[in-house]
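Architecture at a glance
Listed below are the residues making up each chain.
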Amino acid sequence: MSSEWPLWEVFIRGQHGLNHRHVGSLHAPDAELAIRHARDVYTRRNEGVSIWVVRSADISASSPSEKGPLFEPSNDKVYRHPTFYDIPDDVGHM
Amino acid sequence: MYAQMVKTDGKGIKPDAEMTPEERRFQARIDAGEKIEPKEWMPDAYRQTLIRQIGQHAHSEIVGQLPEGNWITRAPTLERKAILLAKVQDEAGHGLYLYCAAETLGVSRDELTEALLSGKMKYSSIFNYPTLTWADIGAVGWLVDGAAIMNQVPLQRTSYGPYSRAMIRICKEESFHQRQGYDIMMKMAQGTPEQKRMAQDALDRFWYPSLMMFGPSDKDSVHSAQSMAWKIKINTNDELRQKFVDQTVPQAEYLGLSIPDPDLSWNEDKGGYDFSQPDWSEFFAVLKGNGPCNRDRIEARQQAWDDGRWFRDGLSAHATKAQARRAASKVAAE
């Protein structure tokens, strides 16, 4: 069996002014071909103006079990949202 | 439907009392409509069933290129040729989205390919039928892609995140496939008497194999019950088949073609058509490998895999060398 091409994650900027967004993954021998494959696989209908690819193995991800410690602390900080503050109607739009 | 008769490992839905706390939490998340993501805990049977289902779906997209690819060089006009080429390229893309979704479950691309080639994994029975005339390309787009859409639209809501996202992407592209098929059928049906006969002949041959795509009735199947509880199957095979018939009959009438079923009739009470079942013994024979084109299809995939080996290996070797060169020049520069 021949060795498999490595996996790459593909990020596409859909329009000027927007962020690159993760759209999926693909196999390719190197970065140059990963971009070409991404063009063929993920932008056949004008979906993009720019492509990023990164080796999947190079991505570090938070683990699902860390969800609590990572994200719960922001739950009780409601004062970070503008709706926490009552501004009288008389003041007008703020 | 591109995944037929996918078996789960279990013996029906596990009763709540027999579930481990982890399994209970998992089922509660699914019931609440949450998506399951690759690194999260999941029962092994859920993982294995999904690998089989997504893998079979991916193989169907890839093998499905063959009956249509057969007509690319013989399309009647340059425009039809460009359209068919684009459609077949889409099928390759759909296969790739799905293989990537399956790979997030811990199976490798090569393992999936080898399971297809060895016959260990199946693909949809429909692709074992030949495309004999240009009208067949119309019938495939109209009926086969139409049946696939029936199944894939609800699967956009499936519980496994990567599968759901692949389905959303596929559904966006699939409606072009069905419409281009119907467009071919309209042209043929409005053409010369001979062209109209070809269109009718294509419908005659593809009608029952299209009904088989949904698989045999599974209203009593323990596998389907478990898959539905896990939301990796959304409707029963019979529900989808009924929907497909109800949608397709008026489309055939518009074309002036007749559905090859003398017992087809509108049933006011159920608000749908009564129709004849396909010959299920033929379906099981095709699944076993005895359809008209099973051997050709696997031989074509095997040849593509073998003939492409030097190319895959060559590109890997180039990538390794280029990386070594870059590393060496970096050292030299420092």
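Below is a short write-up of the structure. Everything quoted here is computed from the prediction, not taken from an experiment.

**A short note on the interface of chain B and chain A**
Tallying the contact residues gives 24 residues for chain B and 21 residues for chain A. On the chain B side of the interface with chain A, the three residues burying the most area are K39(B), D110(B) and R169(B), jointly 23% of the side's total. Scanning the region where chain B abuts chain A turns up four salt bridges. One salt bridge in this structure joins D90(B) and R44(A), with 2.7 Å as the shortest N-O distance. Scanning the region where chain B abuts chain A turns up twelve residue pairs in polar contact (both at pLDDT 80 or more). Mapped by element, the contributors of at least two residues to the side of chain B that touches chain A are α4 (78–103), α5 (109–117), α7 (161–189) and α13 (309–333) of chain B.

**Describing the layout of surface pockets**
What the largest pocket holds in volume is close to 1,500 Å³. Along its surface, the largest pocket is lined by 42 residues, and E9(A), H22(A), V23(A), G24(A) and R165(B) are the ones closest to its centre. Those elements that place two or more of their residues in the lining of the largest pocket are β1 (7–13), β2 (20–27) and α2 (67–71) of chain A together with α4 and α7 of chain B. Element by element, the count of residues in the lining of the largest pocket is highest for α7(B), at seven residues. In terms of residue class, the lining of the largest pocket is built from 17 nonpolar, ten polar and 15 charged. Of the volumes computed, that of the second largest pocket is approximately 1,100 Å³. If you trace the second largest pocket, you find 33 residues lining it, with W5(A), L96(B), R109(B), R301(B) and R312(B) closest to the centre.

**Notes on the pattern of salt bridges**
All names here are of chain A. If you walk through the whole model with that rule in mind, you get 21 salt bridges over all chains. With its nearest N and O atoms 3.7 Å apart, the salt bridge here joins R36 to E32. With R36 and E32 both in helix α1 (residues 31–42), this residue pair falls four residues apart, about one helical turn. Residue R36 is classed as exposed on the basis of its relative accessible area of 52%.

**What about the packing of aromatic side chains?**
Aromatic rings in a pair are described by how distant their centres are and how their planes are angled relative to each other. If you walk through the whole model with that rule in mind, you get 14 aromatic pairs over all chains. Look at F26(B) and W41(B): their rings are 6.0 Å apart centre to centre, the planes differ by 85°, and that puts the pair in the edge-to-face class. On the criterion of sequence distance, the pair formed by F26(B) in helix α1 (residues 21–31) and W41(B) in the loop between α1 and α2 (44–63) is long-range, its members being 15 residues apart. Residue F26(B) is classed as buried on the basis of its relative accessible area of 3%. When the centroid spacing of 6.1 Å and the interplanar angle of 25° are considered together, the rings of W207(B) and F244(B) count as stacked. On the criterion of sequence distance, the pair formed by W207(B) in helix α8 (residues 193–212) and F244(B) in helix α10 (residues 237–255) is long-range, its members being 37 residues apart. As far as the burial class goes, W207(B) and F244(B) line up, both buried. Here the basic side chain of R55(A) rests over the ring of W8(A), its NZ or CZ set 5.8 Å away from the ring centre. The ring of W305(B) has R312(B) sitting right over it, with the charged end atom 3.8 Å from the ring centre.

**Quick word on the nonpolar core**
W134(B), W142(B), V144(B), F206(B) and F244(B) are the most contacted members of the largest nonpolar core, which totals 51 residues. Broken down by secondary-structure element, the contributors of at least two residues to this core are α4, α6 (134–155), α7, α8, α10 and α11 (280–290) of chain B. Considering each element in turn, this core owes the most residues, eleven residues, to α6(B). Setting aside its immediate chain neighbours within four residues, W134(B) contacts W71(B), A75(B), P76(B), R80(B), L84(B), I184(B), M188(B) and M198(B). Grouped together as the second largest cluster of nonpolar side chains are 42 residues, A28(A), V53(A), F26(B) and A102(B) included.

**Focus: the pairing of β2(A)**
Residue and element names in this part refer to chain A. Bridge count for β1 against β2 is seven bridges, and the pairing is antiparallel. Within the sheet, the bridge partner assigned to L7 lies in β2 and is H27. Where β1 folds back onto β2 in an antiparallel hairpin, the turn is made up of six residues, including G17, whose phi is positive at roughly 95°.

**Thoughts on the sheet that holds strand β3 (residues 50–55) of chain A**
All names here are of chain A. Across the sheet, which stays open at both edges, the three strands sit in the order β2-β1-β3 with antiparallel pairing between neighbours. The open sheet is flanked by β2 and β3, the only strands paired with a single partner. Adjacent strand axes in the sheet meet at a mean angle of 25° when their direction is disregarded.

**Remarks on the packing of α7(B) against α8(B)**
Residue and element names in this part refer to chain B. Direction vectors running N to C along α7 and α8 enclose 140°, while the axes themselves pass 7 Å from each other. The orientation of α7 with respect to α8, classified from their angle, is oblique. When α7 is examined against α8, the residues M185, M188 and A189 are found in contact with a partner set consisting of Q195, K196, M198 and A199.

**What about the packing of α4(B) against α6(B)?**
Residues and elements named next belong to chain B. As a packed pair, α4 and α6 sit with axes 13 Å apart at the nearest point and diverge in direction by 40°. The angle between α4 and α6 places the two elements in the oblique class. In the crossing of α4 with α6, the sense of the turn from one axis to the other is left-handed. Only W134, I137 and D145 of α6 make contact with α4, whose side of the interface consists of R80, L84, K87 and E91. Looking at the contact of α4 with α6 residue by residue, the classes come out as three nonpolar, no polar and four charged.

**Structural notes on empty space enclosed by the protein**
Residue and element names in this part refer to chain B. Throughout the structure, instances matching the rule amount to one cavity of 30 Å³ or more. One number sums up the size of the largest cavity: a volume of about 110 Å³. Secondary-structure elements contributing two or more residues to the lining of the largest cavity are α2, α3 (65–69), α4 and α6. Here the residues of the lining of the largest cavity are counted per class, giving eight nonpolar, four polar and five charged.

Quick notes on the rules
Residues numbered from 1 in each chain as written. Chains lettered and ligands numbered in written order. Predicted model: local features only at pLDDT ≥ 70, side-chain atom pairs only at ≥ 80, totals over all residues. Heavy atoms only, no water. Contact = heavy atoms within 4.5 Å. Buried area = accessible area lost by both parts, 1.4 Å probe. Salt bridge = Lys/Arg side-chain N within 4 Å of Asp/Glu carboxyl O. Polar contact = N/O pair within 3.5 Å; in protein donor to acceptor, adjacent residues only side chain to side chain. Helix = DSSP H or I, 4+ residues; strand = E, 2+ residues; numbered from the N terminus. 1 Å grid on protein atoms, 1.4 Å probe; cavity = no way out; pocket = protein on both sides within 12 Å on 5 of 7 lines; lining within 4 Å. Points joined across faces, edges and corners; volume = space filled by probe spheres on them. Nonpolar A, V, L, I, M, F, W, Y, C, P; charged D, E, K, R; others polar. Buried < 20%, exposed > 50% of the residue type's maximum accessible area, 1.4 Å probe, protein only. Phe/Tyr/Trp six-rings, centres within 6.5 Å; stacked < 30°, edge-to-face > 60°. Lys NZ or Arg CZ within 6 Å of the ring centre and 35° of its normal. Core = buried A, V, L, I, M, F, W, Y, C linked by side-chain atoms within 4.5 Å. Pairing = 2+ DSSP bridges. Axes fitted to C-alpha atoms, helices over the stretch in contact; angles between N-to-C directions. Parallel < 35°, antiparallel > 145°, perpendicular 65-115°, else oblique. Left-handed = near helix turned anticlockwise from the far one by under 90°.

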